[in-house]
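Below, each chain spelled out in residue letters.
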Amino acid sequence: IPPIPAVDFSQFGEIEEKPMGRLLKAGAMNLHRSWLNVPHVTQFDEADITELEKFRKSMKGEAEKRGSKLTPLPFILKACAYAMQKYPQFNVSLHPDGDKLIHKKYINIGFAVDTPDGLLVPVVRDVDQKSLWELADATADLAGRAQKKQLKADDMKGGCFTISSLGSIGGTAFTPIVNAPEVAILGVSKASIKPVWNGSDFVPRQMLPLSLSYDHRAINGADAARFTAFIAAVLADIRQILM
Ligand code: CAO
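Residues numbered from 1 in each chain as written. Predicted model: local features only at pLDDT ≥ 70, side-chain atom pairs only at ≥ 80, totals over all residues. Heavy atoms only, no water.

A. Molecular detail of the side chain of serine 93. Looking at the secondary structure, you find serine 93 in strand β2 (residues 92-94). Serine 93 sits in the buried class, given a relative accessible area of 6%. In this structure, serine 93 is in contact with Lys100, Leu101, Ile102, Lys104, Pro181, Glu182 and Val183, ignoring residues within four places of it in sequence. (Helix = DSSP H or I, 4+ residues; strand = E, 2+ residues; numbered from the N terminus. Buried < 20%, exposed > 50% of the residue type's maximum accessible area, 1.4 Å probe, protein only. Contact = heavy atoms within 4.5 Å.)

B. Region of the structure containing the nonpolar core. The biggest cluster of nonpolar side chains holds 51 residues, and the ones touching the most others in it are Ile109, Phe161, Ile163, Leu212, Phe227 and Leu235. Of all the secondary structure elements, the ones that give two or more residues to this core are α4 (72-86), β4 (109-111), α5 (132-147), β8 (161-165), β9 (184-188), β11 (202-215) and α6 (221-236). With 9 residues, the single largest contributor to this core is α4. When residues no more than four places from it in sequence are discounted, the contact partners of isoleucine 163 are Leu73, Ile76, Leu77, Cys80, Ile109, Gly110, Phe111, Ala112, Leu186 and Val188. (Core = buried A, V, L, I, M, F, W, Y, C linked by side-chain atoms within 4.5 Å.)

C. Fine view of the environment of phenylalanine 75. Its place among the elements puts phenylalanine 75 in helix α4. C-alpha separation for the pair phenylalanine 75 and valine 234, spaced 159 residues apart in sequence, amounts to 9.4 Å. In this structure, phenylalanine 75 is in contact with Leu52, Phe55, Arg56, Leu70, Leu132, Leu235 and Ile238, ignoring residues within four places of it in sequence.

D. Quick look at the site of the ligand. The environment of the ligand is formed by 21 residues, the closest being Thr71, Asp114, Ser164, Ser189 and Ala191. One nitrogen or oxygen atom from the side chain of lysine 69 is found 3.2 Å from an oxygen atom belonging to the ligand. Notes on the ligand: free accessible area 980 Å², of which the protein chains cover 72%. Residue composition of the shell around the ligand, by class: 10 nonpolar, 6 polar and 5 charged. (Near = heavy atom within 4 Å. Polar contact = N/O pair within 3.5 Å; in protein donor to acceptor, adjacent residues only side chain to side chain. Areas by Shrake-Rupley, 256 points an atom, 1.4 Å probe, with all protein chains shown as cover. Nonpolar A, V, L, I, M, F, W, Y, C, P; charged D, E, K, R; others polar.)

E. Quick look at unusual backbone geometry. The amide bond that connects alanine 180 to the next residue, proline 181, takes the cis arrangement and shows omega of 10°. Turning to its location among the elements, proline 181 is positioned in the loop between β8 and β9. Positive phi outside glycine occurs at aspartate 126, with the angle close to 45°. Examined against the element boundaries, aspartate 126 turns out to sit in the loop between β7 (123-124) and α5. Of note in the backbone geometry, lysine 149 takes a positive phi value of approximately 60° without being a glycine. For lysine 149, the location among the structural elements is in the loop between α5 and β8. A relative accessible area of 64% means that lysine 149 is categorised as exposed.

F. Highlighting the pairing of β8. Most of β8 is tucked away, with 4 of its 5 residues classed as buried. Across 4 bridges, β8 lies against β9 in parallel orientation. Among the inter-strand pairings, serine 165 is bridged to a residue of β9, identified as valine 188. (Pairing = 2+ DSSP bridges.)

G. Just the pattern of salt bridges, in detail. Throughout the structure, instances matching the rule amount to 15 salt bridges. One salt bridge in this structure joins lysine 57 and glutamate 53, with 3.8 Å as the shortest N-O distance. Within this pair, lysine 57 and its partner glutamate 53 are both found in helix α2 (residues 50-58), separated by 4 residues, close to a single helical turn. Where aspartate 117 meets lysine 149, a salt bridge forms, and the shortest distance between an N and an O atom there is 3.1 Å. Of this pair, aspartate 117 sits in the loop between β5 (113-115) and β6 (118-120) while lysine 149 sits in the loop between α5 and β8, and the two are 32 residues apart along the sequence. Connected through shared salt-bridge partners, Asp48, Glu51, Lys54 and Arg205 make up one network. (Salt bridge = Lys/Arg side-chain N within 4 Å of Asp/Glu carboxyl O.)

H. Summary view of the packing of aromatic side chains. The full count for this structure, using the stated rule, is 7 aromatic pairs. Between tyrosine 82 and phenylalanine 230, the ring centres sit 5.5 Å apart and the planes meet at 35°, which makes this aromatic pair tilted. You can see tyrosine 82 sitting in helix α4 and its partner phenylalanine 230 sitting in helix α6, a full 148 residues away along the chain. With relative accessibility at 14%, the residue phenylalanine 230 sits in the buried group. Measuring from ring centre to ring centre gives 3.8 Å for phenylalanine 90 and phenylalanine 227, while their planes differ by 10°; the resulting arrangement is stacked. (Phe/Tyr/Trp six-rings, centres within 6.5 Å; stacked < 30°, edge-to-face > 60°.)

Below is the structure:
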């Protein structure tokens, strides 16, 4: 790759050099490695979370009693785990020899946590076997420990898939970088009320933007479209997980 030429910026104005921290450097290396190795494609979709949000808000009192915080994230984790069961081609890694796919029989999902020192991706284990309360508590615990620099190396290992949620910040869509050797990552942007045509009228619905980036060596575009639409459908009616 042709290197970006060095520039002496001080000739244009005052500058200050600050060393990059260990976490920032490690993150930069991982992202660069993925970016260069993985042929990325991003699939966009929207989930109608109007009913989900009504249910989540109705559980606020119960959450407070339990000392839990029920954000959309546990629901998204659960929907992704369910989609990975239905579409196991998303729960694979490419074997380094390039001849095989390694299929995983467990569903561990990482989620990106923004910290003052850089990005951390703790992993929630066996998401398919955990209740929404357990997922709410596990994500709060991991995110809290990430902020306090208290994560252990094992807390960040063994992920099969990653969720990057910028929903509490804003934006309508983005193209996340696959957390290789995983083969897909779901970006979540801020939900907003939109007019949606129901066949006879425009009705106000709360829509959650989804951006699924995937490794096109392991996953084809039609499967990515089905997988993302399936996550959207599950979030639109979370009762489907019981079926
Ligand atoms: N749309 C609208 N509102 C949302 C939302 C969404 N998609 N997702 C969360 N919110 C709301 C929450 O419901 C909460 O509001 P209430 O208190 O009224 O319920 C508020 O935003 C704050 O949520 P939170 O940030 O405390 O919790 P979270 O579970 O949504 O996210 C975490 C936790 C750790 C993922 C988040 O704090 C974080 O660090 N996000 C940044 C991740 C990141 O940097 N990704 C980029 C990586 S580079 O690819």
